[in-house]
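# A closer look at the structure
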Amino acid sequence: MPEHANRPLAKMLVPKNHPRYQSLKIRERLVEGVASGITSQVGLIAHGRGEAFDYLIGERTTTSAMEGARAAAAMLLAAKNPVLSVNGNVAALVPNETIELGRILDAAIEINLFYRTDERVRAIADHLRAHGASNLLGEHPDPDAALPLAHPRSLVCRDGIHAADVVLVPLEDGDRCQTLVDMGKSVIAIDLNPLSRTAQSATITIVDNVVRAIPNMIELVQQIRGFSEDRLAEIILRYDNHSALQSAIAEIVLRK
Ligand code: PTJ
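To start, this report covers the structure provided alongside it.

Quick notes on the rules
Residues numbered from 1 in each chain as written. Predicted model: local features only at pLDDT ≥ 70, side-chain atom pairs only at ≥ 80, totals over all residues. Heavy atoms only, no water. Axes fitted to C-alpha atoms, helices over the stretch in contact; angles between N-to-C directions. Helix = DSSP H or I, 4+ residues; strand = E, 2+ residues; numbered from the N terminus. Parallel < 35°, antiparallel > 145°, perpendicular 65-115°, else oblique. Left-handed = near helix turned anticlockwise from the far one by under 90°. Contact = heavy atoms within 4.5 Å. Nonpolar A, V, L, I, M, F, W, Y, C, P; charged D, E, K, R; others polar. Near = heavy atom within 4 Å. Polar contact = N/O pair within 3.5 Å; in protein donor to acceptor, adjacent residues only side chain to side chain. Phe/Tyr/Trp six-rings, centres within 6.5 Å; stacked < 30°, edge-to-face > 60°. Buried < 20%, exposed > 50% of the residue type's maximum accessible area, 1.4 Å probe, protein only. Lys NZ or Arg CZ within 6 Å of the ring centre and 35° of its normal. Expected span 1.5 Å × (residues − 1). Arc of directions from axis to C-beta.

## Describing the packing of helix α3 (residues 63–78) against helix α10 (residues 229–238)
If you want to describe how two helices pack, look at the angle between their axes and the distance between the axes. At a minimum axis distance of 9 Å, the contact between α3 and α10 shows a crossing angle of 135°. What the angle tells us is that α3 and α10 run oblique. Two packed elements cross with a definite hand, and for α3 against α10 that hand is left-handed. On α10, the residues touching Arg70, Ala71, Ala74, Met75, Leu77 and Ala78 of α3 are Leu232, Ile235, Ile236 and Arg238. Among the residues forming the contact of α3 with α10, the class breakdown is eight nonpolar, no polar and two charged.

## A closer look at the site of the ligand
Taken together, 24 residues sit near the ligand, with Gly88, Phe114, Tyr115, Arg120 and Arg153 positioned nearest. In this structure, an oxygen atom belonging to the ligand sits 3.0 Å away from a side-chain N or O atom of Arg49. Here Arg120 contributes a side-chain N or O atom positioned 2.7 Å from an oxygen atom of the ligand. Breaking the shell around the ligand down by element, the ones donating at least two residues are α2 (41–57) and α4 (88–93). Of the residues assigned to the shell around the ligand, the class counts are nine nonpolar, eight polar and seven charged.

## So, the packing of aromatic side chains
Counted according to the given criterion, the structure contains one aromatic pair. Summarising the aromatic geometry, the rings of Phe114 and Tyr115 are spaced 4.8 Å apart at their centres and angled 90° between planes, so their arrangement reads as edge-to-face. By relative accessible area, Tyr115 is classed as partly exposed at 40%. Against the face of Phe227 rests Arg231, its NZ or CZ located 3.8 Å from the ring centre.

## Side note on helix α11 (residues 241–254)
Across its 14 residues, α11 extends 20 Å between first and last C-alpha, which sits within 8% of the 20 Å expected from 1.5 Å per residue. All buried positions along α11 are accounted for by Asn241, Ala244, Leu245, Ala248, Glu251 and Ile252. Buried positions in α11, seen along its axis, are confined to an arc of 120° and lie on one side of it. Counted as exposed and oriented over 90 degrees from the buried face of α11: His242, Val253 and Leu254.

## Section: the environment of Leu254
Tracing the backbone through its elements, the reader meets Leu254 in helix α11. Looking at Leu254, the relative accessible area reads 56%, which means it is exposed. Here the alpha-carbon distance between Leu254 and His127, two residues 127 residues apart in the chain, equals 40 Å.

In structure tokens:
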């Protein structure tokens, strides 16, 4: 058996000219996330589902995804109290980018997990702090409010997700998204599956990989941050999630 076959996957050298180089590097980041206690093992399965959709999308930001990202940037800039929710996959894939987006929006970052343990929350918080985060919510004994959900995603911060008018939920399962919408909040989802409950129930769904969507949002926020309130409102009003999702499906099927 070749020597490298016994090395952990995360340590294998993927040649840069490998046709699936980027995709394999993303997988490695998640495997490392599991090894360091940030990402849940189930997060790998969730990633596999996302990866399959990304393959069908063509691993690119489609026109509809860019329109969603622009509307999301406008909504976050217009928000009074925006909060970025972070889970184990997001922390492993886009720590720097999430922190940068929070910084330029002056938005809080709240750790909110489905497979919640204090240990994982601490590992994610330490990981984000090591990447420069300073405004983190969600660590013990923080969660001091609850959403009407029968699982640990219900644990939120009164001054964070509970009070937010706009919540970014990158990579998520559906019931929290619907609950937040029912509470009157605007929810921006990033989800590669345009058919998921999250995608269908969010106010704005960006059908794109978080590794592309968050950097795009950073750029868009910087582009439109000087716009007047009316101009931001116009961008938000012009956006329609139902037709954006229809376009996303057409872009997958027709590879437009
Ligand atoms: O860290 P935790 O404990 O909060 O757990 C997080 C996971 C992701 C495990 C949990 O939220 C989960 O099980 O999610 P689901 O129900 O599998 O949904 C994940 C959704 O994200 C699916 O619709 C995937 O298509 C999508 N997805 C996966 N990877 C990406 C993605 N969307 C955007 N970018 C990705 N990289």
